[in-house]
Amino acid sequence: MSLVDRAVVTLLPAVPKPLIRRISSRYIAGPSLDDARRVVAGLNAEGKLATVDVLGEEITRVDEAEAIAAEYVAALDAFERDGLDANVSVKPTGLGLKLGYDVCKRNVEAVIAAAEPTNRFVRIDMEDSSTTDDTLRLFRELRDEGHLRVGPVLQASLRRTVADAAALAGASVRLCKGIYVEPESIQYRDDQAVRDSFVEALAALLDGGCYVGIATHDEWLVDRALGAIAERGLGTDAYEFQMLLGVRPELGDRIVGDGHTLRIYVPFGRQWYEYSLRRLQENPRIAGYVAGDIGRSVFRRS
Ligand SMILES: Cc1cc2nc3c(=O)[nH]c(=O)nc-3n(C[C@H](O)[C@H](O)[C@H](O)COP(=O)(O)OP(=O)(O)OC[C@H]3O[C@@H](n4cnc5c(N)ncnc54)[C@H](O)[C@@H]3O)c2cc1C
């Protein structure tokens, strides 16, 4: 990351909200459910599936967590009414994990109860390492209680992940690099080490009969994944690719054009600002773009 990019990343919270909104609009459907419906309909028309995330990571009260669960239920109802091909992705902390494991489980169950009658899938996103054990426990309990259309996420940057992957035989698992910065004792820092861990975890998941959501925009990994799938002679019922809304759409189009399933992660909700900051801080090239945009808005007064 260049010095300018690093400075922009640090200063992002000081950038005016409307400017962040404009720059991040390609990553977020918008503040309302109608925005999510519109974006998902557009993706479906392009042959892409969706998984929808209600933004709400900063909750501090049980009623806020319940309100987010209710938004998921409303979203699932709307997708069914509109005939849209969309699932949901939930965040344990958004549904109350930090307020109590049982609070979170109750809310996830409410979302599952709305998803199951129409065969829609509930993905449990993986957050920072303080939640990993509880999140995997939540998934296992729900599965053991007979909920089969629910699945966790593994983060290849964590040193534990290959072992976790081997223990999840038969599950539907999303595999990603992981966005949270963790202590080096539990996380690979070297980019190639993260990629190698991704490849190894993917092999363990495919060999364990898992349905894998291969969530990456890294072409090197996409090519390795295609190799691993071809080597095993797997059909499109064994995997899908997943990407974030607005990130590397040309790669997504290529994946769909080559006949693979692609699911796009579509965030929406009133907490768009916090999500945007995280996405922008994550990507130095976008940070450079922010710098350019700020420059343009400062110098162009008309
Ligand atoms: C569908 C999906 C679900 C995810 N769910 C989780 C989750 O539950 N938990 C979790 O910790 N992480 C999650 N992530 C985030 C993931 O862990 C990575 O942080 C993110 O995907 C970037 O890693 P990458 O594999 O794309 O590789 P990178 O090497 O980071 O990116 C490859 C290229 O993609 C482009 N790119 C990547 N990210 C961005 C961005 N934000 N904006 C613009 N361009 C970008 C850049 O051109 C970059 O060079 C998810 C990602 C996806 C795609």
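Structure: above.
Residues numbered from 1 in each chain as written. Predicted model: local features only at pLDDT ≥ 70, side-chain atom pairs only at ≥ 80, totals over all residues. Heavy atoms only, no water.

**As for the overall build of the chain**
- Of regular secondary structure, the chain possesses twelve helices and nine strands.
- Its C-alpha atoms give the chain a radius of gyration of 19 Å, near enough to 19 Å, the size a compact globule of 302 residues would have.
- Across its three principal axes, the chain shows a C-alpha extent of roughly 60 × 40 × 40 Å.
- In the chain, which comprises 302 residues, the share counted as buried stands at 50%.
- Counted over contacts in the chain with a minimum sequence separation of 6, partners at least 24 positions apart contribute 72%.
- Working note: accessible area of the chain is about 13500 Å², and carbon and sulfur atoms make up 53% of it.
- Across the chain, the centroid of the 38 positively charged side chains sits 5 Å from that of the 46 negatively charged ones. (Helix = DSSP H or I, 4+ residues; strand = E, 2+ residues; numbered from the N terminus. Rg over C-alpha atoms; globule rule 2.2 N^0.38 Å. Buried < 20%, exposed > 50% of the residue type's maximum accessible area, 1.4 Å probe, protein only. Contact = heavy atoms within 4.5 Å. Areas by Shrake-Rupley, 256 points an atom, 1.4 Å probe, with all protein chains shown as cover. Lys, Arg positive; Asp, Glu negative; His and termini not counted. Charge placed at Lys NZ, Arg CZ, Asp CG, Glu CD.)

**Notes on the environment of Gly151**
- Following the sequence through the fold, Gly151 ends up in strand S4 (residues 150-151).
- Given a relative accessible area of 0%, Gly151 falls into the buried group.
- It is 5.1 Å that separates the C-alpha atoms of Gly151 and Arg123, two residues lying 28 residues apart in sequence.
- Setting aside anything within four residues of it in sequence, one finds Gly151 in contact with Phe121, Val122, Arg123, Ile124, Phe139 and Ser172.

**Overview of the sheet that holds strand S5 (residues 153-155)**
- In space, the nine strands of this open sheet follow the order S4-S3-S2-S1-S9-S8-S7-S6-S5, with parallel pairing throughout. With partners counted over all chains shown, the strands left at the sheet margins are S4 and S5, one partner each.
- As judged from the three bridges shared by strand S2 (residues 86-90) and strand S3 (residues 122-124), these two strands associate in the parallel manner. Following the sheet pairing, Ser89 is matched in S3 by Arg123. (Pairing = 2+ DSSP bridges.)

**A word on the packing of helix H4 (residues 62-82) against helix H5 (residues 101-115)**
- Direction vectors running N to C along H4 and H5 enclose 15°, while the axes themselves pass 9 Å from each other. Taken as axis vectors, H4 and H5 run roughly parallel relative to one another. Between H4 and H5 the crossing geometry is right-handed. Across from Val62, Ala65, Glu66, Ala69, Tyr72, Val73 and Leu76 in H4, the residues of H5 making contact are Val103, Arg106, Asn107, Ala110, Val111, Ala114 and Ala115. (Axes fitted to C-alpha atoms, helices over the stretch in contact; angles between N-to-C directions. Parallel < 35°, antiparallel > 145°, perpendicular 65-115°, else oblique. Left-handed = near helix turned anticlockwise from the far one by under 90°.)

**Here we look at H5**
- The end-to-end C-alpha distance of H5, which contains 15 residues, comes to 21 Å, matching closely the 21 Å that a straight helix rising 1.5 Å per residue would cover.
- Residues of H5 that are buried include every one of Tyr101, Val103, Cys104, Lys105, Asn107, Val108, Val111, Ile112, Ala114 and Ala115, and no others. (Expected span 1.5 Å × (residues − 1).)

**Details of a negative patch on the surface**
- Together, Asp190, Asp191, Asp196 and Glu200 give the surface a local cluster of negative charge.
- Checked against the element boundaries, Asp196 lands in helix H8 (residues 191-207). (Patch = residues over 30% accessible without salt bridge, like charges linked within 9 Å, V, L, I, M, F, W, Y side chains within 5 Å. Salt bridge = Lys/Arg side-chain N within 4 Å of Asp/Glu carboxyl O.)

**Concerning the pattern of salt bridges**
- On inspection of all chains with the given rule, the structure shows 28 salt bridges.
- What you see here is one network of salt bridges that share partners, running through Glu219, Asp223, Arg248, Glu250 and Arg254.

**Considering unusual backbone geometry**
- One non-glycine residue, Asn119, adopts positive backbone phi at about 60°.
- Within the secondary structure, Asn119 sits in the loop between H5 and S3.
- The phi angle at Arg248 is positive, at roughly 45°, despite the residue not being glycine.
- Of note, Arg248 is situated in the loop between strand S8 (239-244) and helix H10 (249-257).
- Overall, the relative accessible area of 31% leaves Arg248 in the partly exposed class.

**Some thoughts on the side chain of Asp164**
- With respect to the secondary-structure elements, Asp164 resides in helix H7 (residues 161-166).
- Once residues within four sequence positions are removed from consideration, Asp164 is found in contact with Leu136 and Leu154.

**Notes on the pairing of strand S6 (residues 172-176)**
- Of all five residues in S6, five are buried; the element is thus mostly enclosed.
- On S6, burial covers both faces: Ser172, Arg174 and Cys176 on one face and Val173 and Leu175 on the other are all buried.
- Following the chain from S5 across H7 to the adjacent parallel S6, one finds a crossover that is right-handed.
- Where S6 meets strand S7 (residues 211-215), four bridges bridge the pair, whose relative direction is parallel. From the neighbouring strand, Ser172 faces S7, where its bridge partner is Tyr211. (Right-handed = clockwise from strand over helix to strand, strands pointing away.)

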